[in-house]
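Geometric and topological summary
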Amino acid sequence: MSEAEAKEKEKPVKLEKVAEDTGEFVGKGLRKAWSVTKSFGKGLVETIDKKEEPKDKETCPHCSASVSSDSNFCAICGKKLAEK
Ligand SMILES: [Zn+2]
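We now turn to the structure provided with this report.

Thresholds applied
Residues numbered from 1 in each chain as written. Predicted model: local features only at pLDDT ≥ 70, side-chain atom pairs only at ≥ 80, totals over all residues. Heavy atoms only, no water. Salt bridge = Lys/Arg side-chain N within 4 Å of Asp/Glu carboxyl O. Helix = DSSP H or I, 4+ residues; strand = E, 2+ residues; numbered from the N terminus. Buried < 20%, exposed > 50% of the residue type's maximum accessible area, 1.4 Å probe, protein only. Donors = N, O, S within 2.8 Å, 3.2 Å for Na, K, Ca; no water. Tetrahedral: all angles 85-135°; square planar, octahedral: opposite > 155°, others 65-115°. Patch = residues over 30% accessible without salt bridge, like charges linked within 9 Å, V, L, I, M, F, W, Y side chains within 5 Å. Areas by Shrake-Rupley, 256 points an atom, 1.4 Å probe, with all protein chains shown as cover.

Here we look at the pattern of salt bridges
For the structure shown, the criterion picks out three salt bridges. The salt bridge involving Lys17 is made with Asp21; its shortest N-O contact spans 3.0 Å. With a gap of four residues between them, Lys17 and Asp21 both fall in helix H1 (residues 3–52), about one helical turn apart. Owing to a relative accessible area of 44%, Lys17 belongs among the partly exposed residues under this scheme. Its relative accessible area of 37% is what places Asp21 among the partly exposed residues. Between Glu24 and Lys28 there is a salt bridge whose closest N-O contact spans 3.4 Å. Highlighted residues: Glu24 and Lys28, both in helix H1, separated by four residues, approximately one helical turn.

Written out as structure tokens, the structure is:
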């Protein structure tokens, strides 16, 4: 068997090794990407949950707008809200 023939026979084995390494690399990448996706989803859900949290609201006596009860002035008409 010549040296060239020997190398030719080694090729499929080497390709399999490359494929295996590539698969492992891609697999690791996918796992990392999935972990990032999960973190993104978790952050998204937490943000939506925060937004859906009921906030203390009161009605402006001047323009009837719904305003945050911890502010002293109406965000819509700018007038002072009732003293607490
Ligand atoms: Zn107002």
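Here we look at the coordination of the zinc ion
Under perfect tetrahedral coordination by four donors, a metal shows angles of 109.5 degrees; under perfect octahedral coordination by six donors, it shows angles of 90 or 180 degrees. Listed as protein donors to the zinc ion are Cys60 (SG), Cys63 (SG), Cys74 (SG) and Cys77 (SG); their distances from the metal cover 2.2 to 2.3 Å. Taken together, the four donor atoms surrounding the zinc ion define angles of 104 to 117 degrees at the centre, an arrangement classified as tetrahedral. Counting the intervening residues between successive donors of the zinc ion yields the motif C-x2-C-x10-C-x2-C. Here Cys60, found in the loop between strand S1 (57–59) and strand S2 (66–68), pairs with Cys74, found in the segment after S2; they are 14 residues apart in sequence, far enough to count as distant. With respect to burial, Cys60 and Cys74 carry one shared label: buried.

Some details on a nonpolar patch on the surface
Taken together, the side chains of Phe25, Val26 and Leu30 present a nonpolar region at the surface, about 340 Å² in accessible area. With respect to the element layout, Phe25 can be found in helix H1. Taking relative accessible area as the criterion, Phe25 reaches 65% and is therefore assigned exposed.

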